Amino acid sequence: MQTEKNILAYLALVVVCVVWGTTYFALRVGVETFPPFLFSAIRQVLAGGILLIVLQFSGKLKIDRSLLFKQFILGILLIALGNGTVGWSERYIPSGLAALIVSILPVYIVAINYFSGIDKRKPNKYIVSGLILGSAGIVLIFKDNLKDFANPNYLIGMLVAFGACLSWATGSVYTKHKVPKGNVMTNAALQMLFGGIFLFVMSLLMDDYSELKTINTETIWALGYLVIIGSVLAYPCYVYALEKLPIGIVSLYAYINPFIALILGYVLLNETITEVTVLALGCVLSAIYFINLGYKAKEVEPGLHSYKK
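The sections below set out a description of the structure shown in this document. Everything quoted here is computed from the prediction, not taken from an experiment. (Residues numbered from 1 in each chain as written. Predicted model: local features only at pLDDT ≥ 70, side-chain atom pairs only at ≥ 80, totals over all residues. Heavy atoms only, no water.)

## Topic: the packing of helix α3 (residues 68–89) against helix α8 (residues 184–206)
Okay, so step 1: For the pair α3 and α8, the least separation of the axes is 7 Å and the interaxial angle reads 60°. Classified by the angle their axes make, α3 and α8 are oblique. Like other packed secondary-structure pairs, α3 and α8 cross with a definite hand, here right-handed. Contacts between α3 and α8 involve L68, Q71, F72, L74, G75, I76, L78, I79, A80, L81, G84 and T85 from the former and N187, L190, Q191, M192, F194, G195, G196, F198, L199 and M202 from the latter.
Okay, so step 2: Class assignment for the residues of the contact of α3 with α8 results in 14 nonpolar, eight polar and no charged. (Axes fitted to C-alpha atoms, helices over the stretch in contact; angles between N-to-C directions. Helix = DSSP H or I, 4+ residues; strand = E, 2+ residues; numbered from the N terminus. Parallel < 35°, antiparallel > 145°, perpendicular 65-115°, else oblique. Left-handed = near helix turned anticlockwise from the far one by under 90°. Contact = heavy atoms within 4.5 Å. Nonpolar A, V, L, I, M, F, W, Y, C, P; charged D, E, K, R; others polar.)

## With respect to the pattern of salt bridges
Okay, so step 1: This model, assessed by the stated rule, comprises two salt bridges.
Okay, so step 2: R28 serves as the salt-bridge partner of E32, at 3.9 Å between the closest nitrogen and oxygen.
Okay, so step 3: Here E243 makes a salt bridge to K244, at a shortest N to O gap of 3.6 Å.
Okay, so step 4: A relative accessible area of 14% means that E243 is categorised as buried. (Salt bridge = Lys/Arg side-chain N within 4 Å of Asp/Glu carboxyl O. Buried < 20%, exposed > 50% of the residue type's maximum accessible area, 1.4 Å probe, protein only.)

## Some details on the packing of helix α2 (residues 36–57) against α8
Okay, so step 1: α8 packs onto α2 with a crossing angle of 155° between their chain directions and a minimal axis gap of 7 Å. Accordingly, the angle class assigned to the pair α2 and α8 is roughly antiparallel. As α2 packs across α8, the resulting crossing turns out to be left-handed.
Okay, so step 2: In the contact of α2 with α8, the residues fall into 20 nonpolar, six polar and no charged.

## A few points about the nonpolar core
Okay, so step 1: Core analysis: the largest hydrophobic core is formed by 87 residues, its most contacted members being W20, Y235, Y238 and Y253.
Okay, so step 2: Here the element with the most residues in this core is helix α9 (residues 217–244); it accounts for 13 residues.
Okay, so step 3: Excluding residues within four positions of it along the chain, Y253 makes contact with L13, V16, C17, W20, L105, W168 and Y238. (Core = buried A, V, L, I, M, F, W, Y, C linked by side-chain atoms within 4.5 Å.)

## What to know about the side chain of N83
Okay, so step 1: Among the secondary structure elements, N83 is positioned in helix α3.
Okay, so step 2: Within the structure, N83 has its side chain in polar contact with the side chain of Q44 (distance 3.3 Å).
Okay, so step 3: Leave out the neighbours within four places in its chain, and N83 touches R43, Q44, L78 and W168. (Polar contact = N/O pair within 3.5 Å; in protein donor to acceptor, adjacent residues only side chain to side chain.)

## Quick look at a nonpolar patch on the surface
Okay, so step 1: Nonpolar side chains collect at one region of the surface, where V201, L204, L205, M206, Y209, L212, I215 and I220 lie side by side and expose about 790 Å² of accessible area between them.
Okay, so step 2: If one sorts the elements of the nonpolar patch by residue count, α8 sits on top with four residues.
Okay, so step 3: Inspection of the secondary structure puts Y209 in the loop between α8 and α9. (Patch = residues over 30% accessible without salt bridge, like charges linked within 9 Å, V, L, I, M, F, W, Y side chains within 5 Å. Areas by Shrake-Rupley, 256 points an atom, 1.4 Å probe, with all protein chains shown as cover.)

## A closer look at the packing of aromatic side chains
Okay, so step 1: What the rule picks out here adds up to eleven aromatic pairs.
Okay, so step 2: Where W20 meets Y253, the ring centres are 5.5 Å apart and the plane angle is 70°; that geometry is what we call edge-to-face. Separated by 233 residues along the polypeptide, W20 in helix α1 (residues 2–31) and Y253 in helix α11 (residues 253–268) bring together distant segments of the chain. Of the two residues examined, W20 and Y253, each falls in the buried class.
Okay, so step 3: Residues F34 and F39 carry aromatic rings whose centres are separated by 5.8 Å and whose planes lie at 70° to one another, so their mutual orientation is edge-to-face.
Okay, so step 4: On the basis of relative accessibility, which here comes to 7%, the residue F34 falls in the buried class.
Okay, so step 5: Chaining the aromatic ring pairs together yields one cluster made of W20, W168, Y235, Y238 and Y253. (Phe/Tyr/Trp six-rings, centres within 6.5 Å; stacked < 30°, edge-to-face > 60°.)

## Some words on α9
Okay, so step 1: With 28 residues, α9 should cover 40 Å at 1.5 Å per step; its first-to-last C-alpha distance of 39 Å lies within 8% of that length.
Okay, so step 2: At A234, α9 shows its largest kink, close to 35°, and the proline P236 lies no more than four residues downstream.
Okay, so step 3: Where α9 begins, one side-chain oxygen reaches toward the backbone nitrogen of E218, 3.2 Å away; that side chain belongs to N216. (Expected span 1.5 Å × (residues − 1). Bend = angle between axes of the 7 residues up to and from the residue.)

Shown next, in the form of structure tokens:
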């Protein structure tokens, strides 16, 4: 039974790896002609609402009132600040670059686990190697775009993307270690709903609603895709994988997403892929190899508890 659950968890992770690689492209299309926070708010509230309705009619809706506040916190960290602000950043940076920045997620997770005291063991040589390679990838990303730093909006877009990744990493660690296992679908629905509501507040404070006059067909299709495929399908898969697998393994998706995002951005949005961009991607892919090798080494260290939850 445990093996079967692991297989399902890995299949869920595959869905996340593939689907979320396409969402950077869809998000970029959506926010081009639509207020970005409002766009993400509508997406998440619709997705959370649809999922709750489906669960209610299927008799599988199980809300643990004692965990509602924690689901609200996760909605803010993962959905609003983690996902919603990436949409805003894509107003000013290419979707492929946003995916590369977010691919540093495993580095954040290692750092948060260690400095928060959740994992008190010092990172081993493999994890340290992964952190160095991941950091090198960030440096290369900056080097490839130095000329764009003259544009203040571009710089802000990059910083916001890094902040969004940090928020997502914090929410993921919080989910893994501080939230009891429960009904995956209900938890995912509540997080999307709460996060979407918070995004509406952010929209009121930061969006320009005059842009609503320029809504086009592509925006509507992008919204529909993100609601059904990016959220209703993929987000519960992420929550399920995070519950069943080590967080270091789950974070693997962040390194696969850029492949898909870069290809889609290049083919469909005429975004540039340079040699430095490819080298940066190589660094982060090498980083994930060493980081996960380091986690596996930790799991077999004598006298120590497994990192797995």
